[in-house]
There are 2 protein chains.
Amino acid sequence: MAGTAVAGTLDGVLDSIIAGDCIEVMRRLPAASVDLVFADPPYNLQLKGELHRPDNSRVEGVTEAWDRFAGFADYDRFTRAWLAEVRRILKPHGAIWVIGSYHNIFRVGAALQDAGFWILNDVIWRKANPMPNFRGKRFTNAHETLIWASREEGARYTFHYEALKALNDGVQMRSDWLLPICTGHERIKDADGQKAHPTQKPEALLHRVILATTNPGDVVLDPFFGTGTTGAVARMLGRHFIGIEREPAYRRIAEERIARVRPFEAESITVQGSKRAEPRVAFGTLVERGLLRPGEELWSLGGRHKAKVRADGTLVGRDVTGSIHQVGAHLEGAPSCNGWTYWHFRRDGCLIPIDVLRQQIRAEMAATH
Amino acid sequence: MAGTAVAGTLDGVLDSIIAGDCIEVMRRLPAASVDLVFADPPYNLQLKGELHRPDNSRVEGVTEAWDRFAGFADYDRFTRAWLAEVRRILKPHGAIWVIGSYHNIFRVGAALQDAGFWILNDVIWRKANPMPNFRGKRFTNAHETLIWASREEGARYTFHYEALKALNDGVQMRSDWLLPICTGHERIKDADGQKAHPTQKPEALLHRVILATTNPGDVVLDPFFGTGTTGAVARMLGRHFIGIEREPAYRRIAEERIARVRPFEAESITVQGSKRAEPRVAFGTLVERGLLRPGEELWSLGGRHKAKVRADGTLVGRDVTGSIHQVGAHLEGAPSCNGWTYWHFRRDGCLIPIDVLRQQIRAEMAATH
DNA sequence: CAGGTAGATGAATCCTACA
DNA sequence: CTGTAGGATTCATCTACCT
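The rules behind each value
Residues numbered from 1 in each chain as written. Chains lettered and ligands numbered in written order. Predicted model: local features only at pLDDT ≥ 70, side-chain atom pairs only at ≥ 80, totals over all residues. Heavy atoms only, no water. Helix = DSSP H or I, 4+ residues; strand = E, 2+ residues; numbered from the N terminus. Buried < 20%, exposed > 50% of the residue type's maximum accessible area, 1.4 Å probe, protein only. Contact = heavy atoms within 4.5 Å. 1 Å grid on protein atoms, 1.4 Å probe; cavity = no way out; pocket = protein on both sides within 12 Å on 5 of 7 lines; lining within 4 Å. Points joined across faces, edges and corners; volume = space filled by probe spheres on them. Nonpolar A, V, L, I, M, F, W, Y, C, P; charged D, E, K, R; others polar. Near = heavy atom within 4 Å. Polar contact = N/O pair within 3.5 Å; in protein donor to acceptor, adjacent residues only side chain to side chain. Domains from an automatic or database assignment. Buried area = accessible area lost by both parts, 1.4 Å probe. Salt bridge = Lys/Arg side-chain N within 4 Å of Asp/Glu carboxyl O. Pairing = 2+ DSSP bridges. Axes fitted to C-alpha atoms, helices over the stretch in contact; angles between N-to-C directions. Core = buried A, V, L, I, M, F, W, Y, C linked by side-chain atoms within 4.5 Å. Phe/Tyr/Trp six-rings, centres within 6.5 Å; stacked < 30°, edge-to-face > 60°.

Colleague: Quick question: what am I supposed to make of the overall build of chain A here?
Modeller: Assigned secondary structure in chain A consists of twelve helices and 14 strands. Dimensions along the principal axes, computed over C-alpha positions, put chain A at roughly 85 × 45 × 40 Å. A total of 369 residues make up chain A; the buried ones form 55% of that total. Within chain A, contacts between residues at least 6 apart in sequence are counted, and of these 66% link residues at least 24 apart.

Colleague: Can you help me understand empty space enclosed by the protein in this one?
Modeller: The gaps left among the atoms become clear once a water-sized probe is rolled over them. Using the criterion set out here, one finds one cavity of 30 Å³ or more in the structure. Along the walls of the largest cavity sit F159, Y161, L164, K165, Q172 and M173 of chain A together with R138, F139 and T140 of chain B, which together make up its complete lining. Partitioned by chemical class, the residues of the lining of the largest cavity number five nonpolar, two polar and two charged.

Colleague: Looking at this model, I keep getting lost on the protein's contact with DNA strand C. Mind explaining?
Modeller: Residues and elements named next belong to chain A. Close to DNA strand C lie 38 residues, the nearest being Q46, R53, Y102, R135 and R187. Counting only the atoms of DNA strand C that lie within 4 Å of the protein, the sugar and phosphate share comes to 46%. Side-chain polar atom of N141 to a phosphate oxygen of DNA strand C: 3.2 Å apart, as the coordinates give it.

Colleague: Teacher, can you tell me more about the domain arrangement of chain A here?
Modeller: The parts lose accessible area when they come together, and the size of an interface is often stated as this lost area. Assigned domains of chain A: these are domain 1 (16-268) and domain 2 (283-367). The gap between the C-alpha centroids of domain 1 of chain A and domain 2 of chain A is 44 Å.

Colleague: Just to check I follow, could you spell out the interface of chain A and chain B for this structure?
Modeller: Each partner contributes residues to the interface: chain A has 74 residues there, and chain B has 78 residues. Taken together, both faces of the contact between chain A and chain B bury some 6800 Å²; the carbon and sulfur share is 50%. Among the residues chain A hides against chain B, the three largest losses belong to F106, F139 and E288 of chain A. Together they make up 14% of the total. Our count for the contact surface shared by chain A and chain B stands at seven salt bridges. The salt bridge partner of D114 of chain B is R107 of chain A, with a shortest N-O separation of 2.6 Å. The interface formed by chain A and chain B contains 40 residue pairs in polar contact (both at pLDDT 80 or more). At the level of elements, α3 (105-115), β4 (118-127), β5 (143-150), α4 (161-167), β6 (176-179), α9 (283-288), β10 (306-309) and α12 (355-368) of chain A are the ones that each hand at least two residues to the side of chain A that touches chain B.

Colleague: Looking at this structure, I do not really get helix α6 (residues 229-236) of chain B. What am I missing?
Modeller: Residue and element names in this part refer to chain B. Counting buried residues along α6, seven of its eight residues qualify, which places the element largely inside the surrounding structure. By the burial criterion, the buried members of α6 are T229, T230, G231, A232, V233, A234 and M236. Of the surrounding secondary structure, the elements contacted by the buried residues of α6 are β2 (34-39), α5 (203-213), β7 (219-222), β8 (240-245), α7 (248-260) and α8 (266-269).

Colleague: For this particular structure, what's the right way to read the sheet that holds strand β13 (residues 343-347) of chain A?
Modeller: The strands that make up a sheet are held in pairs by hydrogen bonds between backbone atoms, and each pair lies either parallel or antiparallel. Residue and element names in this part refer to chain A. The six strands are arranged β12-β11-β10-β9-β13-β14 in an open sheet whose pairing can be described as antiparallel. What marks the edges here is a single partner per strand, and that holds for β12 (320-322) and β14 (350-353). Sheet twist, expressed as the mean angle between neighbouring strand axes with direction ignored, is 35 degrees. Of the strands in this sheet, β10, β11 (315-317), β12 and β13 are in contact with helix α10 (residues 324-332), which crosses β12 at around 155 degrees.

Colleague: Teacher, can you tell me more about the pattern of salt bridges here?
Modeller: As a working rule, side chains carrying opposite charge can pair if their charged atoms are close by. Enumeration according to the criterion identifies 39 salt bridges over all chains in this entry. The shortest N-O distance in the salt bridge between D74 of chain A and R77 of chain A comes to 3.7 Å. Within this pair, D74 of chain A and its partner R77 of chain A are both found in helix α2 (residues 72-89), separated by three residues, close to a single helical turn. On the basis of relative accessible area, D74 of chain A is assigned to the partly exposed category, the value being 24%. Judged by its relative accessible area of 55%, R77 of chain A is exposed. Residues D40 of chain B and K201 of chain B are paired through a salt bridge, measuring 3.0 Å at the closest nitrogen-oxygen approach.

Colleague: I tried to follow the nonpolar core on my own but got confused; where do I start?
Modeller: Proteins that are soluble and globular tend to have nonpolar side chains buried together. With 70 residues, the main nonpolar core has W82, I96 and L221 of chain A together with W82, I96 and L221 of chain B as its most contacted residues. Once residues within four sequence positions are removed from consideration, I96 of chain B is found in contact with L36, V37, W82, L83, V86, L112, F117, I147, W148 and A149 of chain B. In terms of nonpolar packing, the next biggest core, distinct from the first, is built from 43 residues, F38, A163, A204 and A254 of chain B among them.

Colleague: Sorry if this is basic, but what is going on with the protein's contact with DNA strand D here?
Modeller: Residues and elements named next belong to chain B. Surrounding DNA strand D, one finds 29 residues, the nearest of these being Y161, K165, Q172, H325 and R358. A distance of 3.2 Å is found between a phosphate oxygen of DNA strand D and a side-chain nitrogen or oxygen belonging to S323. Elements with a minimum of two residues in the surface near DNA strand D: α4 (161-167) and α10 (324-332). Considering every element that reaches the surface near DNA strand D, the biggest residue donor is α4, with three residues. Tallied by class, the residues present in the surface near DNA strand D amount to ten nonpolar, eleven polar and eight charged.

Colleague: So what exactly am I meant to see when it comes to unusual backbone geometry here?
Modeller: Glycine aside, negative phi is the norm for most residues, and most peptide bonds take the trans geometry. Residue and element names in this part refer to chain A. At Q46, a position not held by glycine, the phi torsion is positive, near 55 degrees. Within the fold, Q46 resides in the loop between β2 (34-39) and α2. By relative accessible area, Q46 is classed as partly exposed at 34%.

Colleague: Teacher, can you tell me more about the sheet that holds strand β10 (residues 306-309) of chain B here?
Modeller: Residues and elements named next belong to chain B. Judged by pairing direction, the sheet is antiparallel, and its six strands sit side by side in the order β12-β11-β10-β9-β13-β14 without closing on themselves. Because the sheet does not close on itself, it has two edges, and the strands there are β12 (320-322) and β14 (350-353). Going across the sheet, the axis of each strand differs from the next one's by a mean of 35 degrees, ignoring polarity. Both strand β9 (residues 297-300) and strand β13 (residues 343-347) contribute to a ladder of two bridges, which runs antiparallel. Across the sheet, residue W299 finds its bridge partner in β13, namely H344.

Colleague: How should the pairing of β8 of chain B be read in this particular structure?
Modeller: Regular strands have side chains that alternate between both faces of the sheet. Residue and element names in this part refer to chain B. Burial within β8 is extensive, with five of its six residues counted as buried. Here strand β1 (residues 16-19) pairs with β8 via four bridges, running parallel. Directly across from I17, in β8, lies its bridge partner G243. Sheet analysis places β7 next to β8, joined by four bridges and oriented parallel. By the bridge assignment for β8, L221 is matched with I242.

Colleague: Before we go on, may I ask you to explain the packing of aromatic side chains in this structure?
Modeller: Ring pairs (aromatic) are described by centroid distance and by the angle formed between their planes. All names here are of chain A. Applying the stated rule across the entire model yields 33 aromatic pairs over all chains. For the pair W82 and F224, a centre-to-centre distance of 5.2 Å together with 80 degrees between the ring planes defines the contact as edge-to-face. Taken as a pair, W82 in helix α2 and F224 in the loop between β7 (219-222) and α6 (229-236) lie far apart in primary sequence, 142 residues in all. F224 carries the same exposure label as W82, and that label is buried.

Colleague: Whenever I open this one, the environment of G109 of chain A confuses me. Can you help?
Modeller: Within the element layout of this structure, G109 of chain A appears in helix α3. C-alpha of G109 of chain A to C-alpha of A149 of chain A: the two residues are 40 residues apart in sequence and 9.6 Å apart in space.

Colleague: What exactly am I supposed to notice about the pairing of β2 of chain B here?
Modeller: All names here are of chain B. In terms of burial, β2 is largely enclosed, as six of its six residues are buried. Relative to strand β3 (residues 90-100), β2 runs parallel, the two sharing five bridges. Across the sheet, L36 pairs through a bridge with A95, a residue of β3. Strand direction decides the pairing type here: β2 and β7, joined by two bridges, are parallel. Paired with L36 across the bridge in β7 is V220.

This is how it looks when you write it as structure tokens:
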């Protein structure tokens, strides 16, 4: 399946994985020959020591040599070099997607703009099940960023607006996508049962990208092919792919994986819409949005108890502080308490359950789903 | 309310709006004097076919290609200049938030890193009610990006982890925040009923930023103050603010707006505390005070291991002697161990964590304080 | 087989006071 | 400054195994 580059045409490399460094390989590919590039470059994570979960198990970080750079300047040189080759081999109406995290995406985005690409959207992959922040020192890093750009300003590009709208229950697809990370059977393991690649992307992500921004028969090139998610999904969806990958182990896995793919089957499969029953609303949200004021008093069901709202969404009652549920339970001497129906706020002399405010927020959220 | 900068201290500018260009104004402010900077810089770039310089003057009479290059270079110079001043006036343990869209955020992020700031998170503001993409040519641009960065790698920074967790109904706050855009009564209109500022940010967004990353009494500076959302929320939450704004019309609106703000009472802005902040209690204290007797046996979590208390507050286990943490870690073969939750003592046939005794000591300490 | 529980794991820039 | 040691810290999901 490994192919050889041929000047002028893509004969011999279509639907194959080319061995080698992506910059050198792309140099041998003909100009203006590729419809879409999907790139998942090294993130330059700069991990220092070890990290342990609260249960003392060790977190397996990305320690591979391919993610090590001397510094930002080194990383920038690398980025600008591969982007220049991408721009050369892209057709005039072609486009690029790049995925990254805060470690690298700002540098990639600036380099894209400097190279003359024209950003069409940045898209947020919201991870349904991200790894938590174990030490409680930052926000859960729960997303990654994709940039979608055309070859230059004003260039035509492919975008299947209606298909994406259909995929999104009939409303316009937004720039934030909720998708689970790649786990379970989809995650490729090696002979030892260890993950074969540290950063395998979910097929659902590539499904959406390729469906939205290519036509059947188009050529999709991935310069950091890894275990071949891009190739597998391209093949499923009836697109051609070209993979470039340095590591023989990754190439072998990708080849076997793609050989098992049955094209067109995916098109008949309805997409997975992860529907949540009732979106959870934090009580703190009511405070943040000004529906309740910090310092405002809430009355219990029956009016026997009072508590004061704090800015972080906790309550202060007599001798007790905590969530609306905790404070309610404590004041009632009950094992548990539904704070949403227990607590009431006063408006125009009437006591109104705070659950009314939750319904209001849910209505807004439903509009965005 | 407009203040005058004073070398060495912030006297005279605290809780005021300074007129002028933010770079020049910051130059007159003392170094290492500000706890937090929140910046909503101009996006600047090629909106509706017009090109603006950072000072908002129109760029005219240049070719498009030259324009674009000049545009980015100009914007970068401007960005790096104001970031350099921010870095100078920030306290060593201070931090910065910047908000932007794909037009500018990649350049800002790269400039932050180049200036030596250390990115802690990028945070996605998911707009509950974004403007749809009317032409159906792209994804609905439904988010903006914020970058949170400390002054340099390894610097301490303020983060009220527990408060944010409380605000999010007891689970860790993620990096994607769903909040409505600024509309309705919150949106400030001018005499004509037109919106007074094109990009007024919602107070809920600032509420979360300021609550999470400052302490009451801290100084929050906003170099692109606009109609003063940062100042209004800072005042509500018992923080000081410094605004910098060029446009007299915006300054006037902001002053009136902030004058109307009623700060929340002090009790309501104290947030859920962290265990880290509680006074340290030595295990030996429990022995000294007779809560545990020398020679008494402790059982591990799960009951598999035993150890004996010594008079000096160390433990003796199988083949090991040391602190409650060291002995626990050794017996479990773990890199570390919290002895307070690991070890249990026996009372009336029940195993009780020794942490209960620590709570008892802390309560006594609080009462006598 | 259904149902419940325990264990594993994911692109991570993940501590800090005190000697 | 560095080194040492106290002790604080996790969510959603999938697999394996047990009753």
